[in-house]
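Here's the letter readout for the chains.
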Amino acid sequence: MFKRSTGIAFAFSVAISALASSAMAYDVRLQGAGDEELTALLEGGSLLFQRSTEEEPLNVREIVSTAQADYQRLLAILYDEGYFGPTIQIKLDGVEASSILAVSPPKSVSSAVITVQLGRSFRFGVAEVAPLAPDTTLPTGFQTGETARISLLQSAAKSAVSGWRDAGYAKAELADQQITARHNRGELDARLTIATGPKLRFGALGVRGDSYVRRERILEIAGLPEGEQFSPQELKDAADRLRRSGAFRSVALIEGDVTSGSDILPVDVRVADNKPRRFGFGGEIATIEGATISGYWLHRNLLGGAESLRIDAELGGIGGTSGGVGGAEGGTDYLLRSTFRRPATFRKDFDFVAFGEIEQEDEPNYFSRQTSFGAGIEYIESDQRTYSIGLGFRRALTEDLLGKRDYTIFSLPVGALYDYRDYEFDARRGFYLDADLTPFLAVSGTENGLLTDLDFRTYKTFGSTSPTTLALRAQLGSLVGPSLRESPADFLFYSGGGDTVRGQDYQSLGIQVGPDEDDIVGGRSFLGLSAEVRFRTEGSLGFVGFVDAGYIGEEAFPDGSSGEWHSGAGLGVRYATPIGPIRFDLAVPVSGPDDDNEPFQIYIGIGHAF
């Protein structure tokens with residue numbers, strides 16, 4: 001009898017608990033915060049506000065715990081705004097949240113009211129950091145008379161320590177802080193003291209962790225300058241070079257302890273290898289072009305020195321309904337390419353790169369089958385700047401409406417890449433420039449010349465709550481040397497399609513060489529201009545308006561008048577994901593030759609068009 005009664009009581013208790021924990025929605029409001037800016041900060045930092053808009057309602061226990069967590073969150077915001085004596089009340093249906101026990105929550109919560117009494121706003125009376133290294137810049141607001149924000153105190157200490165570390169004092173640290181609040185005057189006195197420690201030099205780099213990459217190669221790739229003055233930037237660069245090699249899953253540089261009386265800083269690098277081999281594959285289907293399948297195989301540590309070998313293969317135009325010169329059916333494209341890369345060759349920032357490839361392109365306006373190989377050096381000056389130079393050989397057979405060409409050339413490609421975008425797939429600020437100059441020496445089938453490709457992009461964002469980004473792009477292509485009839489067909493330029501002018505058919509603009517408007521070959525010059533206005537909402541959706549224009553000319557440098565222009569415009573939708581926005585664009589042709597263009601084009605992909 002007793003056991004059965006206990007069971008019934010337990011079941012009843014569980015039922016009551018389940019009822020109390022059922023999901024429900026609630027209203028939340030904030031009062032007493034003063035101006036709109038501070039109100040927006042508090043509402044943005046409040047979990048009660050954030051979770052009240054979630055699709056899945058919270059149960060009572062979750063609402064209570066959320067409210068109790070808000071005390072510290074809101075207090076931290078107020079401290080950072082200079083309010084050091086505030087009072088915060090959070091009431092759930094009139095009951096102070098801090099007084100509610102987790103084991104006995106109310107049966108329901110319909111409203112949450114946050115009341116803030118700000119108290120006095122504090123400003124800095126004394127704001128001092130000493131000693132300071134030469135050229136140290138403290139935060140602008142860390143000075144007498146400015147709002148006494150906790151974040152400014154932290155930034156001032158960090159800036160002071162960083163200044164000494166940049167000057168070679170690796171063990172600089174915050175030694176003492178005297179913070180005094182004068183409530184009667186609303187002032188906060190802050191005196192920070194920095195202990196610099198000795199000026200240090202890099203010692204020999206030690207290697208920790210088991211790795212299949214040889215120790216001497218790890219040291220070569222890291223390139224830490226033994227015996228030179230300590231520099232945090234050198235530490236970062238060494239770690240970046242090791243990560244960039246691709247051979248390591250994780251890299252950590254650890255500063256050791258300094259022996260008394262010594263000026264040598266021991267540094268160890270701890271590495272963990274990536275899996276040595278990797279492969280992948282992909283595919284796509286297009287209505288006209290047919291199916292494309294692709295794959296690759298990668299070895300990250302081929303010879304034990306972080307050398308990589310990658311083999312790529314692609315087969316396209318499978319089952320296509322058009323392609324090839326003159327619109328022949330069943331045009332097939334294929335590519336087989338191998339790339340070898342050896343980091344830290346000759347110098348720590350120099351990568352040796354060698355490649356070989358076989359490729360066939362059966363495009364709407366030309367056919368090309370080529371074999372090429374080459375080698376060169378890539379100089380990675382920084383995360384934003386890369387330069388390259390190489391020597392290449394190319395043997396190709398091409399055909400377009402001007403006839404067949406069988407050519408052989410040697411080339412000396414030179415490239416520069418400047419990437420100052422804040423995000424690669426969703427840039428909002430900064431600029432990007434990719435410049436490739438390829439002088440070539442003709443052995444047979446064409447004339448000596450220079451092939452140029454430039455791609456410049458710039459981004460500017462306005463606003464913060466629902467930011468709007470203006471994105472601009474300019475592309476330039478030029479072939480100097482051979483005449484149009486002597487030029488390799490795969491060196492000529494076309495316009496139209498997703499990468500040039502959206503709304504126009506792929507490669508629909510060229511140089512007309514026959515009585516029909518569709519009788520075209522590529523031009524010796526190309527100019528592409530694009531503009532996008534990207535509107536972001538507070539959620540995951542964004543909207544884009546865009547316009548593109550393209551020019552193709554027979555002249556070596558585009559003059560904008562000798563050739564033909566066409567343009568397109570449209571609207572797009574973006575859905576934000578962790579790997580970049582998913583893009584859906586609908587574009588229509590606006591101007592250009594009156595050919596058989598489709599009335600509209602649809603483009604889907606990951607990342608913006610540029």
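Because the structure is a prediction, the values reported are computed rather than measured.

1. Structural notes on a negative patch on the surface
Now for step 1: Taken together, the side chains of Asp 516, Glu 517, Asp 518 and Glu 564 present a region of like negative charge at the surface.
Now for step 2: With respect to the helices, strands and loops of the structure, Glu 517 is situated in the loop between β25 (511-512) and β26 (520-521).

2. Brief notes about the environment of Leu 433
Now for step 1: Following the sequence through the fold, Leu 433 ends up in strand β22 (residues 430-444).
Now for step 2: A C-alpha to C-alpha distance of 8.8 Å links Leu 433 and Tyr 420, two positions 13 residues apart in sequence.

3. Structural notes on the packing of helix α6 (residues 215-222) against helix α7 (residues 232-244)
Now for step 1: Contact geometry of α6 with α7 gives a least axis separation of 8 Å together with a crossing angle of 125°. Taken together, α6 and α7 sit at an angle that is classed as oblique. Contacts between α6 and α7 involve Ile 218, Ile 221 and Ala 222 from the first element and Ala 238, Arg 241 and Leu 242 from the second.
Now for step 2: When its residues are assigned to classes, the contact of α6 with α7 shows 5 nonpolar, no polar and 1 charged.

4. Structural notes on the sheet that holds strand β11 (residues 248-255)
Now for step 1: One open sheet accounts for 3 strands, arranged β10-β12-β11; its pairing is mixed. Both edges of this open sheet fall to β10 (201-208) and β11, since each of them pairs with a single strand only. The average undirected angle you get between the axes of adjacent strands in this sheet is 20°.
Now for step 2: Bridge count between β11 and strand β12 (residues 264-273): 7 bridges; the pairing is antiparallel. Opposite Phe 248, over in β12, you have Asp 273 as the bridge partner.
Now for step 3: Lying on the sheet, α7 is in contact with β10, β11 and β12; it crosses β11 at an angle near 160°.

5. A word on the environment of Glu 517
Now for step 1: Here Glu 517 falls in the partly exposed class, since its relative accessible area comes to 38%.
Now for step 2: Sequence separation between Glu 517 and Lys 91 is 426 residues, and the spatial gap between their C-alpha atoms is 75 Å.

6. Considering α6
Each full turn of the α-helix corresponds to 3.6 residues, which orients residues three or four apart in the same direction.
Now for step 1: Among all positions of α6, only Arg 217, Ile 218, Ile 221 and Ala 222 are buried. End-on, the buried residues of α6 take up no more than an arc of 135°, which puts them together on one face.
Now for step 2: Tucked inside the fold, the buried residues of α6 contact β10, α7, β11, β12 and β16 (333-342).
Now for step 3: Backbone geometry just after α6 places Gly 223 at a positive phi near 65°.

7. Here's the deal with unusual backbone geometry
Now for step 1: Following Ala 130, the chain continues to Pro 131 via a peptide bond in cis, the omega torsion being -10°.
Now for step 2: Here Pro 131 shows up in the loop between β7 (123-130) and α5 (150-166).
Now for step 3: If you check the backbone angles, Asp 135 has positive phi at about 70° while not being a glycine.
Now for step 4: Of note, Asp 135 is situated in the loop between β7 and α5.
Now for step 5: Assessed through its relative accessible area of 79%, Asp 135 is described here as exposed.
Now for step 6: A positive phi angle, close to 75°, is found at Phe 346, a residue other than glycine.
Now for step 7: Following the sequence through the fold, Phe 346 ends up in the loop between β16 and β17 (350-362).

8. Structural notes on the environment of Ala 556
Now for step 1: Summarising the element assignment, Ala 556 is placed in the loop between β28 (541-553) and β29 (564-575).
Now for step 2: For Ala 556, a relative accessible area of 14% corresponds to the buried category.
Now for step 3: Along the sequence, Ala 556 and Ser 99 sit 457 residues apart, while their C-alpha atoms lie 80 Å from each other.

9. Some thoughts on the nonpolar core
Now for step 1: The biggest cluster of nonpolar side chains holds 28 residues, and the ones touching the most others in it are Leu 42, Leu 48, Leu 78, Ile 90, Leu 92 and Ile 114.
Now for step 2: Elements represented by at least two residues in this core include exactly β2 (27-31), α2 (36-45), α3 (47-52), α4 (60-80), β4 (87-92) and β6 (111-117).
Now for step 3: Counting residues in each nonpolar core, the second largest holds 23 residues, with Phe 202, Ile 218, Ala 239 and Phe 248 among its members.

10. So, the packing of aromatic side chains
Now for step 1: Applying the stated criterion across every chain yields a total of 17 aromatic pairs.
Now for step 2: Look at Phe 124 and Phe 142: their rings are 5.2 Å apart centre to centre, the planes differ by 75°, and that puts the pair in the edge-to-face class. With Phe 124 in strand β7 and Phe 142 in the loop between β7 and α5, this residue pair connects regions lying 18 residues apart in the sequence. Each member of the pair Phe 124 and Phe 142 is classed as buried.
Now for step 3: Centre to centre, the rings of Tyr 420 and Phe 431 are 5.1 Å apart; their planes meet at 20°, and the pair counts as stacked.

11. Comments concerning the pairing of strand β15 (residues 308-318)
Look at any regular strand and the pattern is simple: side chains alternate between the two faces of the sheet.
Now for step 1: Both strand β14 (residues 290-299) and β15 contribute to a ladder of 8 bridges, which runs antiparallel. Opposite Ala 291, over in β15, you have Ile 318 as the bridge partner.
Now for step 2: Pairing between β15 and β16: 9 bridges, direction antiparallel. The residue bridging Asp 312 from the neighbouring strand is Arg 337, located in β16.

12. Considering the sheet that holds β7
Now for step 1: One open sheet accounts for 3 strands, arranged β7-β9-β8; its pairing is mixed. Each end of this open sheet is capped by a strand with a single partner; those strands are β7 and β8 (173-182). Here the strands of the sheet are splayed against their neighbours by 10° on average, with no regard to which way each runs.
Now for step 2: Relative to strand β9 (residues 187-195), β8 runs antiparallel, the two being bridged by 9 bridges.

13. Description of the pattern of salt bridges
Now for step 1: Across all of its chains, the model carries 35 salt bridges by this definition.
Now for step 2: Salt-bridge contacts for Arg 185 lead to Glu 187; the nearest nitrogen and oxygen are separated by 3.4 Å.
Now for step 3: Put simply, Asp 351 and Arg 341 hold a salt bridge, and the shortest N to O gap is 3.3 Å. On the criterion of sequence distance, the pair formed by Asp 351 in strand β17 and Arg 341 in strand β16 is long-range, its members being 10 residues apart.
Now for step 4: You can call Arg 341 partly exposed: its relative accessible area is 27%.
Now for step 5: Each of Arg 502, Glu 532, Arg 534, Asp 548, Arg 574, Arg 583 and Asp 585 takes part in a single network of salt bridges with overlapping partners.

Basis of the calculations
Residues numbered from 1 in each chain as written. Predicted model: local features only at pLDDT ≥ 70, side-chain atom pairs only at ≥ 80, totals over all residues. Heavy atoms only, no water. Patch = residues over 30% accessible without salt bridge, like charges linked within 9 Å, V, L, I, M, F, W, Y side chains within 5 Å. Areas by Shrake-Rupley, 256 points an atom, 1.4 Å probe, with all protein chains shown as cover. Salt bridge = Lys/Arg side-chain N within 4 Å of Asp/Glu carboxyl O. Lys, Arg positive; Asp, Glu negative; His and termini not counted. Charge placed at Lys NZ, Arg CZ, Asp CG, Glu CD. Helix = DSSP H or I, 4+ residues; strand = E, 2+ residues; numbered from the N terminus. Axes fitted to C-alpha atoms, helices over the stretch in contact; angles between N-to-C directions. Parallel < 35°, antiparallel > 145°, perpendicular 65-115°, else oblique. Contact = heavy atoms within 4.5 Å. Nonpolar A, V, L, I, M, F, W, Y, C, P; charged D, E, K, R; others polar. Pairing = 2+ DSSP bridges. Buried < 20%, exposed > 50% of the residue type's maximum accessible area, 1.4 Å probe, protein only. Arc of directions from axis to C-beta. Core = buried A, V, L, I, M, F, W, Y, C linked by side-chain atoms within 4.5 Å. Phe/Tyr/Trp six-rings, centres within 6.5 Å; stacked < 30°, edge-to-face > 60°.

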